[in-house]
Amino acid sequence: MTFHDLWQFLVALIESLNIYVLLPILVVLIGCRIVKAGLFVWVTAWALAVYLTLRYGFVIAIPASVLSLYMGIVFLTLLTYVVSSRERWISFSRPLLRLMVEKKYQPLLVLVLVTLPLAAGARVYLSMTLPIQPPLFTRTVHPAPPSEPITVHDQEFDLNAVVNPFRELEESDLEQFQTHVENGRRVYYQNCFYCHGDDMLGDGLFAHGLNPIPTNFRDTGTIAMFQEGFLFWRIAKGGPGMPDEGGPWESAMPAWEKFLSVEEIWDVILFLYDYTEQRPRELEEHGE
Amino acid sequence: MKIPPSVNIVVLAVAATAFYTLVGQLVPQKEVPAPEVMEISKDISTEEMIEIGKEIAQGKGICLTCHTIGRSGALRFPDLEGIGTRAASRIPGLNGVQYLVQSLYEPDAYVVEGFNPGMPTINKAPIGLTDDEILTVIAYMQSLGGSPSVTMETKHAYNGGGEEGVSGAADASGEGPAAAALETAALSGDSLFKSYGCAECHSIAPPAAGEAPPPRSLHDVGTRLDHNAILATILDPDNIPTLSESKAQEKKAAMEAAGVYGKATLDEIQAIVEFLAAPRGGE
Amino acid sequence: MSKRKLLLLSVCVAAVIMVLVVAGTKVLVVFENAYRTPVETVQLDRTPAMQGEADALAAAAEEQRTRPLEELGVPLKDVEYRAFPVIGSRVAVWSIAQLHLLFAAFVLAVPIFALIIEFIGYVTKDKRYDELAYEFTKLLSVSFSLTAALGAALTFALIILYPRFTDYLMHVFSLTFLPYALLFFAEAGFLYTYYYGWGKFSPKVHLALGIGLNLVGTAIMLIANAWLTFMTTPRGVSEAGALISTWDAVNNYMWMPINIHRFIANVAFGGSIAAAYAAFKFLHADSEEERAHYDWMGYVGNFIAIVAFLPLPFAGYYLAAEIYAFSQTMGLTMMGGAFSWLFIIQAVLIGCLFIGANLYLWLGMGRIEGAQRYRGYIKYLLVVIALCFAVWATPRSPITTPAEMREMGGSFHPILGKLGVMSAKNTAVNLLILTTFLSFIIYRRSGLTPVVSWAKTGKAAQLLVFIAVAGYVTYLGILGYFVDTTVRIGLSVPQVLSVLFALFSVTVIDIFLFRGARTIGETRWGTMPAISQYILIFIAVTFTWLMALMGYVRSGLRQHWHVYGVIRDTSPDAFTPTLGFATKVVSVNVLVFFGLIGFVFWLASLSGKKDWEDPEGSVS
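In this numbering scheme, every chain counts its residues from 1 along its sequence in written order. Each chain gets a letter, beginning with A, and each ligand a number, beginning with 1, in the order they are written. Per-residue local features are limited, in this predicted model, to residues with pLDDT of at least 70; the limit for side-chain atom pairs, both in listing and counting, is 80 or more; totals at the level of whole chains, interfaces and linings are taken over all residues. With hydrogens and water excluded, all non-hydrogen atoms of the structure serve as input to the side-chain values.

Participant: How would you sum up the overall build of chain B? Please name residues and give values.
Facilitator: Scanning chain B from terminus to terminus reveals 13 helices and 0 strands. Where helices and strands are cited, they refer to DSSP runs of H or I of at least four residues and of E of at least two residues respectively, numbered from the N terminus. When the helices and strands of chain B are placed in sequence order, the string is α-α-α-α-α-α-α-α-α-α-α-α-α. For every residue, the accessible area (1.4 Å probe, protein chains only) is compared with the maximum for its type, and the residue is labelled buried under 20%, exposed over 50%, or partly exposed between those bounds. Sorting the 283 residues of chain B into buried and exposed places 44% on the buried side. Of the roughly 14100 Å² that chain B leaves accessible, carbon and sulfur atoms contribute 56%. For the accessible areas, the method is Shrake-Rupley and the probe is 1.4 Å, while residue cover comes only from the protein chains on display.

Participant: Describe the state of the cysteines, naming the residues involved and giving the relevant values.
Facilitator: All names here are of chain C. Note on disulfides: each one is a pair of cysteine sulfur atoms within 2.5 Å. All told, the structure shown has 0 disulfides over all chains when counted by the stated rule. The thiol of Cys388 is unpaired, and the distance to the nearest cysteine sulfur, on Cys352, comes to 15 Å. Judged by its relative accessible area of 5%, Cys388 falls in the buried class.

Participant: Lay out the side chain of A:Ser85 in plain terms, naming residues and giving numbers.
Facilitator: When you line up the elements, A:Ser85 lands in the loop between helix H4 (64–83) and helix H5 (86–101). Judged by its relative accessible area of 6%, A:Ser85 is buried.

Participant: Let's hear about the nonpolar core: which residues, and what values?
Facilitator: The term nonpolar core refers to a set of buried residues drawn from Ala, Val, Leu, Ile, Met, Phe, Trp, Tyr and Cys, joined through side-chain atoms within 4.5 Å. By size, the foremost hydrophobic cluster in this structure holds 173 residues, and its most contacted members are C:Phe113, C:Phe136, C:Ile273 and C:Phe593. A per-element tally of this core places helix H12 (residues 342–364) of chain C first, with 18 residues. Sequence-distant contacts of C:Ile273, defined by excluding residues within four places in its chain, comprise C:Phe106, C:Ala540, C:Thr544, C:Phe593, C:Phe594, C:Ile597 and C:Phe601. The next biggest cluster of nonpolar side chains, apart from the first, holds 33 residues, and it includes A:Val187, A:Phe226, A:Ile235 and A:Leu270. Here, two residues are considered to be in contact whenever any of their heavy atoms come within 4.5 Å of each other.

Participant: Any chance you could break down the packing of aromatic side chains for me, citing the residues and the numbers?
Facilitator: All names here are of chain C. Pairing of aromatic rings covers Phe, Tyr and Trp, the last through its six-membered ring, and needs centres within 6.5 Å; plane angles under 30 degrees mean stacked, over 60 mean edge-to-face, and all others mean tilted. Overall, the coordinates contain 56 aromatic pairs over all chains when judged by the stated rule. Look at Phe303 and Phe440: their rings are 5.1 Å apart centre to centre, the planes differ by 35°, and that puts the pair in the tilted class. Of this pair, Phe303 sits in helix H9 (residues 288–309) while Phe440 is found in helix H16 (residues 422–445), placing the two residues 137 residues apart along the sequence. An aromatic cluster of three or more residues is present, and its members are Tyr134, Phe144, Phe177, Tyr180, Phe184, Tyr192, Tyr194, Tyr195, Tyr196, Trp198 and Trp227. Consider the ring centre and the ring normal. A charge sits over the ring if Lys NZ or Arg CZ is within 6 Å of that centre and within 35 degrees of that normal. Above the plane of the ring of Trp296 lies Arg128, whose end atom (NZ or CZ) is 4.1 Å from the centre.

Participant: Any chance you could break down the interface of chain B and chain C for me, citing the residues and the numbers?
Facilitator: Facing 42 residues of chain B, the contacting portion of chain C comprises 49 residues. With both sides pooled, the region where chain B packs onto chain C buries about 3800 Å², and carbon together with sulfur makes up 70% of that total. Ranking the residues of chain B by area buried against chain C places B:Tyr20, B:Arg76 and B:Pro126 at the top, with a combined share of 18%. Note on definitions: salt bridges are taken to be side-chain nitrogens of Lys or Arg within 4 Å of carboxyl oxygens of Asp or Glu. At the boundary of chain B with chain C, the tally comes to 0 salt bridges. Definition of a polar contact: a pair of N or O atoms within 3.5 Å, with one able to donate and the other able to accept a hydrogen when the atoms are protein atoms, and with sequence-neighbouring residues admitted only if both atoms are side-chain atoms. The interface formed by chain B and chain C includes 9 residue pairs in polar contact (both at pLDDT 80 or more). Listing elements by their share of the side of chain B that touches chain C, those giving two or more residues are helix H1 (5–26) and helix H3 (63–66) of chain B. It is H1(B) that contributes the most residues to the side of chain B that touches chain C, 16 residues altogether. Here's the idea: put two parts together, see how much 1.4 Å probe accessible area each one loses, and the total over both is what we call buried area.

Written out as C-alpha cells, the structure reads:
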C-alpha cells in the first residue's frame, strides 16, 4: 500500500459523495451548535442528518434495505445516548412533555396526533401499492461463442481456432500492417463511431438511447480479455447473433456481415487494438 | 396506576425476542434442499449436458460458492470465466477434458499459481457427485469460453477409462490437439509428442541395460534416421520400408485420428521431429 | 403526576389511532381483491361424495384394526427415522437440545464464578462476597435437575426419532459413555455437597469442593463436546464410517476450539443470567439495603459477563479457522454460502450487546459521585460504537430491488461493498472491543483519583497504548484492501494480538495506577435508575438468543449430513431451513428457557420468604 493508493481511494470516496446534499446538512448541524440547541433538537437533527446523508448523499444511492438497517442502528444509538443519564433523559423529554401538557401547544399536539397515524397509513398504502418492477436477470455481458463454426460470406470460421490473418503482418511487414489498420480506421469512423464514440469510450452520439450500452473499448476489461475470433464473431453476427444468456435486452448492434467484407472486419479489429493500445488475449497466456 | 416490574420484564423479554425474530425475517429467506441423486440418461445432447452441469455447479456441487464467473480482483479461488479454453493449456499433455477431470477428481494435483489448495475432491463426500454428474459439470466448464468436447460416453482415468481411455477421450474430443495447434510457441516437442497421442504406441525412454526395447520404440530413432527421414515417416507412413501395407494403413489411420494430419501445423510437426532426432541414451 | 397521565393517555390514543389506520388501510387494499364466498349455498345432508368419504373412513379403520406387524415393511431394527408429530423430528430435537444446552451452560458457568467470588471473599475476608457466591449457588440445584431432565429427554428423543444415527454415534463413542455417566454422578455429589455444605466446612475444604465441582463439570462438557463436534468435523473413522480410533474421534478439528469457545461463552452467559437475576430482585426489592445488594450483584454478574465476552470473538476466529482447516467447503458454506446472512443477524445481536453493556456502564457512572467529569466522553465512545456496529452489520451483497441493482450496476454497492468484506469487519470488531474496554476503564476511575507519583505518566502511557493500537488496527484494516488474499487473512492475527496487548497492558498499568487511590466520590449502590436493570435483562435475553443462534449455525452447518461426509441425513428434514424459520425456532426456545429460568428464580427466592402461617391460627 502506498500513499498514492490511499489518495486514490479517498478521491474515489469523495467523488462518490453528493456534495450539494452534504454541505447544507453540515451547515444546519453547525447552526444547531451555534444556537446551542437543546438535546431534543440535536437528536432530531442528527437522525435527520444521517438519514438525508445516507439517502441522498451518495451519487449511487444506498439500497433501501441497508438504509433501514443503518437507520435502525442510528435510532438505537440516539436512544442509548438519551437514556445514558438522568439529566439527558429529562432534557430530552422536556419539550415532548411541554408539547403534551401546555395549552398553547394544543393545536400542534392535535396536528401531531393526526399526522402521525396518517403518515403511517400512507406508508402502508404506498408499500402495498408499489409499481410492479420487472425482475432483473443476471446478464452475461460476454457470452461464450458458439461451438460450431460460424459462416460469414460463405466462409466457415471455427471460433476456437481462427486467427486474424493480418495479425502476423505486424511482425513480417509493418507497412502492409499499417495499411490494414488504416483501412480499419476508415471502417470504424464510417460505421462504428456513432455508437462506440470517436474515442472508443462507448459514448457515441447514439449511445444514450441504447440498452445495453455500447462497449467501451478503452476499458481493459473488454477487448483485451478476448481473442480476435471473439470480436470477429460479435462484429459479424451483432445483436441478432447474441445467445440467450446475453439477454434480456436485445443488443442494437447490427450484424455487420451484411455491410462489411471479411477483410474489413479483420481490419477494424486490428484498428480497435491499435487505437486503444491493447493486445488481444493470446491462448498461451495461461500456459505453463 | 403502577405496572409491576415482572410484567415489564416479560414485555421486555418478548419484545427483544420479537425484535431479533424480525431481524431474522428481513434477511433473504433461502431454503437449501438436500441434494438428490440425479439420473442422467446417456443419450442427452451437449446443450442438455451444459444445462444440467450448470444446475449442478450452482446447486449440489456448490462450485459457485467459492468460484466466481467473470469477476476479477482479489479472489480467493480461480475465476472460471474462459476455463473452457484455458483448461487445454494448463498442463502440457492434458487436453481440456483431462485437465478438468483431474482438477475435479484430484484437486490438489495441480493448483493454479497464486492460489492456495483447498478444493474438496468432488466425487467424494461431502459433495460426492457421481461420475455422470461430473461429466455434465465438465461440459458446463468447457462451455465457459470454449465449446464442450465431452460427451456422456467419455471415458477417462477416473471412471474406468484407464490410460487407453485417456487417449480415447482425446480422440473423441479432437479438441486437445486443436487447442494445442494454437499454442505452438508454448509447447515443446516433448509435450506435443504426448498430446498427439504418439506416446500411446511409441516409447521414447531408453530400455534398461540388457533388456530389449519395446516394439515400436523410438528411443534411438535419432541415431537411425536424420531429420528429413523422420519427417518423411511421419508424413507418409506408406513409404516406411519396414512396414507391411496393412500395418502402414493402420498407423496412418491412428495418426489421422489423433489429429496429426488434420490439426497439427507444420511447425508442430517440426518440433516433434526435433524432439525425436535429439540424442538420448541407449545404443 | 397528571402530566404523566396525560402523556400516557395521549400516547395510547395515538397508538390506537395508528393501529386502526394501519389496519384500515390494509383491509381497504386487501379487501378490494379479496375472495368472497357466494352469498348463498345449498346445504345437502348427504351427497354421494360425503357417503364415499364416510365409507372410506370406515374401511380405513377396519384395515388399521387388522394390520399385521410385517406391514411396517422393514424389520424393526432397520428403522432409520420416526416422525415427531406436528413440528417434526428435527425441530423437536433442536428445541430439546437447545434448552438442555442453555441450562447446561448455566450450570457449568455458575460454579466457575461462584468459586472465584467465594475465593475473593476468603482472601479479603469480606462477608459480602461469600453471601454473593452462596446466592449464585442457590440458583444451581434446580437448574441442575432441569439440565439432567432435559438431557434425558434429549437422549430419548434421539433414540426414538433417529435410531440409526444414534446407534452409529453409540458405536463410535461407546468408550465414552461410562465415564460420562460416572462423572455425572460425581457432579451431582459435588454440587449438592457444595450447596448444602455452605458454611458447614472449613473454607478451604469448601473451596476444594468447588474446585472439584468445576473440574468434573468441565470434564462432562469435554465429553459431550466430543460427540457433537464429531458430527460436524468427523475424524478417526474410515471413509465409510468405521471406527479407527476413539481418541481421534474425540480429538477432532472442532473439539478444542469448541471447548474453549464454550467455556468462555458459558461464563459470559452465566454472568449475564446471574445479573438478570439480580435485576429481577432489584426491581422487586422493598428496602434500600436489598436494592444496594442486588445492584452490586448485578454489577458483578454483568462485569463477569462482559469480561468473558471480550475475548469471545477471538475464540470464534480460532473455531472458524479450524472449520476452514477441516474443510474449506464447510467454511465457505458458513461465511459465504447458505449461512452468510446469519452472521449479519449475529452482528446486529452483538452490536446490541455492546451498546447495552456500554450503556449499563455509563448509567452506572450515575451512582458514583464525581463521575460527571467523564460524562462528555460518552458521545464520542457512542459514535465509535455506532460506526463499528454499522460496518459490521453491512452485508456484502445487500438485498436490492431491480431498480437499485441497475443503478449500482450489479449486486455490490461501490462504497458499501468495500465495508462488507472481512478486513473492514475484523477492524470494526477489534475497535468495538477496544471502545468497550475504554468505557470500562473510564467507569473504573470515575470515583477515584490516583495518588501514585507517576500518575500523569501512567495515564499518558495508557492513552498512548489506546491510540497506538487503535491506529495500528485501523492501518491493518486499510492495508487489507491492497494486499493478496493470503496476506490479508493473516492480518487478523496482528490485529487480535495488538488488541489483546492493549487490554493487558492498560489493565496492568491501571491496577498499579489506582493502588491506594483516593476516593473522591462514594459509589452509592442501589441508586441506579430502574432502566439500567432492564438493560441487564435485555443483555441476558440477547446473550441467550445469540447463543441459541450460534448453536443453530454450529449444528446446521452439517446441512444434509448427520455426520458430515460420513452419515447422510435422508429424513424429510434433511433440507436447510430458511433463516426466518430458524430465528422463529430460536425465539420460541429462548422464551421457553426464560419461562423456566423465571421458575428457577422464583424457587430461589422462596427460601428468603417468611414461613407460611395459618391465618386462622394466628387469629385464635
